[in-house]
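For reference, the chains in residue letters:
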Amino acid sequence: MRARLARVARRLGGNRAALAGGVIVGLFVVVAVLAPLLAPHSPITGDLGPIRPGVVPGPSAHHPLGLDLQGRDLLSRVVYGARYSLLIGVASVALGVALGVVVGALAGGLGGWVDSVLMRAMDAMLAIPGLIVAIGLVTLLGPSVLSVTVAIGTGGMPLVARLMRGAIVSQRPREYVAAARALGASRARVIVHHLLPNSLSPVLVAASLAVGGAILEAAGLSFLGLGVGDPSLPEWGRMLADSPRALQSSPHVVLFPGLALVLTVLGFNLLGDGLREALDARLVDPLRLGPPKA
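Residues numbered from 1 in each chain as written. Predicted model: local features only at pLDDT ≥ 70, side-chain atom pairs only at ≥ 80, totals over all residues. Heavy atoms only, no water.

Enquirer: Can you walk me through the overall build of the chain in this structure?
Expert: The secondary structure content of the chain amounts to 12 helices and 0 strands. A buried classification covers 43% of the 294 residues belonging to the chain. Within the chain, contacts between residues at least 6 apart in sequence are counted, and of these 74% link residues at least 24 apart. (Helix = DSSP H or I, 4+ residues; strand = E, 2+ residues; numbered from the N terminus. Buried < 20%, exposed > 50% of the residue type's maximum accessible area, 1.4 Å probe, protein only. Contact = heavy atoms within 4.5 Å.)

Structure (C-alpha cells):
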C-alpha cells in the first residue's frame, strides 16, 4: 500500500497540469479559510451612496474589485464566496460518494436480487437529469445551503453507485477474494476489508472531477433563484444571478465572481484528471526517463 501511494504521489508530482490544478485549489482553500483576515470590508453590509442608476463604481484604491449593485465591496464578497461555493461543492460530492459507495458495495458484493433492485433504482434516477433532481429537491426542502448540498449530493449518487458496483464486480473473481473466502471470511468481511479498498480508485477519480461540476450546479441553482436562501450571502452563483442587468454598464460585477468560479472548476478538473492518470496502473510512469529497457 505504501509503495502504491508513493507511486501515485510521484506520478502526480510529475504531472504539471495536476500540480497547477492543485495550486489553484489550494489557493482558494486558503482564501476560504482566511476569509476574515483577507476581506477588507464586510461582505454583507454596503453603502448605496456611491450607486447611481446604471453606474456602479469599478475598481479603486479603496475597493480593489469595485462595488456590487448594493454598494458592497466585491473583493470581500468574492473572498467569502469561496467558503460557500467550496463548502457546497465538497460536501455535496462527499455525501453523494458516501451514499453511492454503500449502494454500489451492497449491489456488487451481494449480487442476486439485491443487485437487481438497487441498480434498477439507480437506473431510474439516472434517467432524470441531475439538475432536474436538484431543482425538485430544493423546491421541496426550501432554498438553503443544506438543501442545495443534499440535492446535488443525491443527484450524483447513482453514478458513484454504478462505478462502485462495476469495480467490485470486476474484483470478485480475483485470487485474493477466493483466498479470503477459503480462509473462512464472511461475505461482509470480504466486502468491507477486501473488495471495497481495492475498488475505490475510480470512485476517487470521479469524486475529484465531480467537485467542479457540483460547484457549477450550485451556481446554476442560485442563478435560478433556488440556491442559498439568504440573498445577502456571498455565494458566487448568487452574485452572478444578481448581476445580469449590470453586465453592459458595470461588467466588473459579473467578471470577478465568474472568474473565481471558472478558476476553481478548472483547478478541480486539472487535479482530477491528474489523479486519474496517477491511479491508472496501465499508464507509463511520467518520471521514467529514457527508452524502455529491452
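Enquirer: How should helix α2 (residues 16-33) be read in this particular structure?
Expert: Each turn of an α-helix holds 3.6 residues, which means side chains three or four residues apart point in the same direction. Taking 1.5 Å per residue, 18 residues should reach 26 Å; α2 reaches 26 Å between its end C-alpha atoms and fits that length. Residues of α2 that are buried include every one of A18, G21, I24, V25, F28, V31 and A32, and no others. Considered in projection along α2, the buried side chains sweep an arc of 155° and stay on one side of the axis. In α2, the exposed positions angled more than 90 degrees off the buried face are occupied by R16, V23, L27 and V33. (Expected span 1.5 Å × (residues − 1). Arc of directions from axis to C-beta.)

Enquirer: What exactly am I supposed to notice about the packing of helix α7 (residues 145-171) against helix α10 (residues 201-223) here?
Expert: Two quantities define a packed helix pair, namely the angle between the helix axes and the distance between the axes. Packing of α7 against α10 leaves a shortest axis separation of 10 Å and a crossing angle of 155°. The angle between α7 and α10 falls in the class roughly antiparallel. Crossing handedness for the pair α7 and α10: right-handed. Contacts from V148, I152, V160, L163, M164 and A167 in α7 reach P202, V203, A206, A214, E217, A218 and L221 in α10. (Axes fitted to C-alpha atoms, helices over the stretch in contact; angles between N-to-C directions. Parallel < 35°, antiparallel > 145°, perpendicular 65-115°, else oblique. Left-handed = near helix turned anticlockwise from the far one by under 90°.)

Enquirer: Looking at this structure, I do not really get the nonpolar core. What am I missing?
Expert: Nonpolar side chains in soluble globular proteins generally cluster together in the buried interior. In this structure, V78, V97, V101, V148, I152, L221 and W236 are the most contacted members of the largest nonpolar core, which totals 51 residues. At 11 residues, helix α4 (residues 74-110) tops the list of elements feeding residues into this core. If sequence neighbours within four positions are ignored, I152 has contacts with I88, S92, A214, E217, A218 and L221. If you look at the next biggest cluster of nonpolar residues, it comprises 6 residues, including V103, A107, M119 and M122. (Core = buried A, V, L, I, M, F, W, Y, C linked by side-chain atoms within 4.5 Å.)

Enquirer: Quick question: what am I supposed to make of the layout of surface pockets here?
Expert: One water molecule sets the probe size; rolling that probe over the atoms shows where empty space is left. The calculated volume of the largest pocket comes to roughly 360 Å³. Lining the largest pocket are 21 residues; nearest its centre among them are I152, G155, G156, L159 and A210. Sorting the residues of the lining of the largest pocket by element identifies α4, α5 (112-126), α6 (130-141), α7 and α10 as the ones contributing at least two each. Grouping the amino acids of the lining of the largest pocket by side-chain chemistry returns 14 nonpolar, 6 polar and 1 charged. (1 Å grid on protein atoms, 1.4 Å probe; cavity = no way out; pocket = protein on both sides within 12 Å on 5 of 7 lines; lining within 4 Å. Points joined across faces, edges and corners; volume = space filled by probe spheres on them. Nonpolar A, V, L, I, M, F, W, Y, C, P; charged D, E, K, R; others polar.)

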